[in-house]
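The lines below spell out each chain.
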Amino acid sequence: MTVSLTKAAGAVRLPLVLGITDGLLNALTLASASLTGSGTPVSWSLAVRVGCAALVTAAFTVMVADYAERRAHLAHITRQLSLGHGRRMAATHLGRLALLRSWRAALVACVSSFAGAALPLALGAVLPGPPWIVVALAVLALSCLGAMLARLLTARPVLWALAMAAGGVATTWVGIRLRIA
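Quick caveat, the model's predicted, so the values are computed rather than measured.

Calculation rules
- The residue numbering used here restarts from 1 in each chain and proceeds along that chain's sequence as written.
- Given that this is a predicted model, residues contribute local features only at a pLDDT of at least 70 and side-chain atom pairs are listed and counted only at 80 or more, while totals for whole chains, interfaces and linings are drawn from all residues.
- Heavy atoms throughout the structure, all of them, feed into the side-chain values; hydrogens and water do not.
- Secondary structure elements follow DSSP: runs of H or I no shorter than four residues count as helices, runs of E no shorter than two count as strands, and numbering proceeds from the N terminus.
- Here's how the labels work: a residue is buried when its accessible area is under 20% of the maximum for its type, exposed when over 50%, partly exposed in between, all with a 1.4 Å probe on protein chains only.
- Whether two residues touch is decided by their heavy atoms; if any such pair falls within 4.5 Å, the residues are in contact.
- Methods summary: accessible areas were calculated by the Shrake-Rupley approach with a probe of 1.4 Å, and residue burial reflects only the protein chains presented.
- Salt bridges are defined by distance alone: a side-chain nitrogen of Lys or Arg within 4 Å of a carboxyl oxygen of Asp or Glu.
- Buried Ala, Val, Leu, Ile, Met, Phe, Trp, Tyr and Cys residues that are joined via side-chain atoms within 4.5 Å together make up what is termed a nonpolar core.
- Only residues whose relative accessible area exceeds 30% and that form no salt bridge enter a patch; like-charged residues are grouped when within 9 Å of one another, and nonpolar side chains (Val, Leu, Ile, Met, Phe, Trp, Tyr) when within 5 Å.

### Let's talk about the overall build of the chain
Scanning the chain from N- to C-terminus turns up 6 helices and 0 strands. Starting at the N terminus, the α and β elements of the chain follow one another as α-α-α-α-α-α. The burial tally for the chain puts 35% of its 181 residues in the buried class. Long-range pairs, those at least 24 residues apart, make up 71% of the contacts in the chain with a sequence separation of at least 6. When the accessible surface of the chain is totalled, it reaches about 10700 Å², and 72% of it is carbon and sulfur.

Below, the structure written as structure tokens:
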């Protein structure tokens, strides 16, 4: 039971982390003007729109990247086993399984990306106070994600937390300079 849970967690870890990180960074980039008070106020509508943009890009990106990686692995196995053409393994049950697993990864990534983008902005729509609080919350969320990842990877939590926070601040700065929303 523990082995299957560990395997399942490993199967969704990459798309989950990619999705959450992508969503938070999308929110910080696309809504930075609103979050720093120089754009339209943060609203539920903005949260849903940015969340949908994050969902679509994460789903497409993860699906393409994950499936490309799985197909490359099948082509490599085909060559190693001297089975002829590189597409031979992809046409089997293993090829269909690779496609199914890539769809699962894309689903995990798009749901987590939507949540990562929409939740901080939705908080900004309902919380009283200055809109930059959402920036602080999103950067804090990135920092916490970095610390959790470091613990899983037996790395330095403080270093990962600071690196993720720095990425959030840099992304917000880029968003402010680009003045997207």
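### Regarding the environment of Met164
Assignment of secondary structure puts Met164 in helix H6 (residues 157-178). Given the relative accessible area of 18%, Met164 is considered buried. Through-space distance from the C-alpha of Met164 to that of Gly146 is 5.7 Å; in sequence the pair is 18 residues apart.

### Concerning the pattern of salt bridges
Summed over the entire model, instances satisfying the criterion amount to 1 salt bridge. Note that Asp66 and Arg70 form a salt bridge whose closest N and O atoms lie 2.6 Å from each other. Here Asp66 pairs with Arg70, and both are found in helix H3 (residues 44-80), just 4 residues apart, close to one helical turn. Accessibility expressed as a relative area gives 18% for Asp66, which makes it buried. Owing to a relative accessible area of 25%, Arg70 belongs among the partly exposed residues under this scheme.

### A few points about the nonpolar core
If you look at the biggest cluster of nonpolar residues, it comprises 23 residues, and the most contacted ones within it are Leu28, Leu35, Val50 and Leu121. Counting residues per element, this core draws most heavily on helix H5 (residues 132-152), which supplies 7 residues. Those residues in contact with Leu28 that lie beyond four places of it in its chain are Leu35, Val135, Ala138, Val139, Leu142, Gly168, Thr171 and Thr172.

### As for a nonpolar patch on the surface
Taken together, the side chains of Trp44, Leu123, Val126, Leu127, Leu137 and Leu140 present a nonpolar region at the surface, about 550 Å² in accessible area. If you trace the backbone, Leu137 turns up in helix H5. Taking the relative accessible area as the measure of exposure, Leu137 reaches 32% and is therefore partly exposed.

### With respect to the environment of Leu25
Here Leu25 lies in helix H1 (residues 2-30). Filtering out sequence-adjacent residues up to four positions away, Leu25 remains in contact with Leu142, Gly167, Gly168 and Thr171.

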